[in-house]
Amino acid sequence: MDIRDFQQLIEKMYSHKDRQRGSAGTFLWLMEEIGELAEAIAGNHSQEEKAAEFADVLAWLVTLANVEGIDLSDALHAKYGRGCPGCGLMVCTCNEKA
Ligand SMILES: [Mg+2]
Ligand SMILES: [Zn+2]
């Protein structure tokens, strides 16, 4: 499943709830999931548990993009598809933070 397919899947499954909640509420959920990921990495958790938290974070990031009307696949291609946004190279040689 690529990013575009995943964003469409999340849209189909949850958009009726997500649009009601709005960006601010969705952002809070994303931050909560980031916290769960931090806990999974810091604590003594299995790879399966960590993987599930990574999935949650991406799902909520995609959800926020849906609520905001952002196509993440397009955004990724536009910003990173032709190389590092800082130096333009495929193997970065700069100190720029994206
Ligand atoms: Mg979670
Ligand atoms: Zn660079």
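Residues numbered from 1 in each chain as written. Chains lettered and ligands numbered in written order. Predicted model: local features only at pLDDT ≥ 70, side-chain atom pairs only at ≥ 80, totals over all residues. Heavy atoms only, no water.

Peer 1: Help me understand a nonpolar patch on the surface, please; the structure alone is not making it clear to me.
Peer 2: On the surface, Met 1, Leu 9, Met 13 and Tyr 14 cluster together into a nonpolar patch covering about 410 Å² of accessible area. Overall, Met 13 belongs to the partly exposed group, its relative accessible area being 40%. (Patch = residues over 30% accessible without salt bridge, like charges linked within 9 Å, V, L, I, M, F, W, Y side chains within 5 Å. Areas by Shrake-Rupley, 256 points an atom, 1.4 Å probe, with all protein chains shown as cover. Salt bridge = Lys/Arg side-chain N within 4 Å of Asp/Glu carboxyl O. Buried < 20%, exposed > 50% of the residue type's maximum accessible area, 1.4 Å probe, protein only.)

Peer 1: Explanation requested: the environment of Gly 22 in the structure shown.
Peer 2: Inspection of the secondary structure puts Gly 22 in helix α1 (residues 3-42). What makes Gly 22 buried here is its relative accessible area of 15%. As a C-alpha pair, Gly 22 and Glu 68 span 46 residues in sequence and 8.6 Å in three-dimensional space. (Helix = DSSP H or I, 4+ residues; strand = E, 2+ residues; numbered from the N terminus.)

Peer 1: Would you explain the coordination of the zinc ion (ligand 2) in this entry?
Peer 2: Each pair of donors in an ideal octahedron of six around a metal sits at 90 or 180 degrees, and each pair in an ideal tetrahedron of four sits at 109.5 degrees. Surrounding the zinc ion (ligand 2) are the protein donor atoms Cys 84 (SG), Cys 87 (SG), Cys 92 (SG) and Cys 94 (SG), at 2.2 to 2.5 Å. For the zinc ion (ligand 2), the 4 donor atoms are set out with angles of 100 to 118 degrees between them, so the coordination reads as tetrahedral. When the donor residues of the zinc ion (ligand 2) are listed from N- to C-terminus, their spacing reads C-x2-C-x4-C-x1-C. Assessed through its relative accessible area of 16%, Cys 84 is described here as buried. Judged by its relative accessible area of 27%, Cys 87 is partly exposed. (Donors = N, O, S within 2.8 Å, 3.2 Å for Na, K, Ca; no water. Tetrahedral: all angles 85-135°; square planar, octahedral: opposite > 155°, others 65-115°.)

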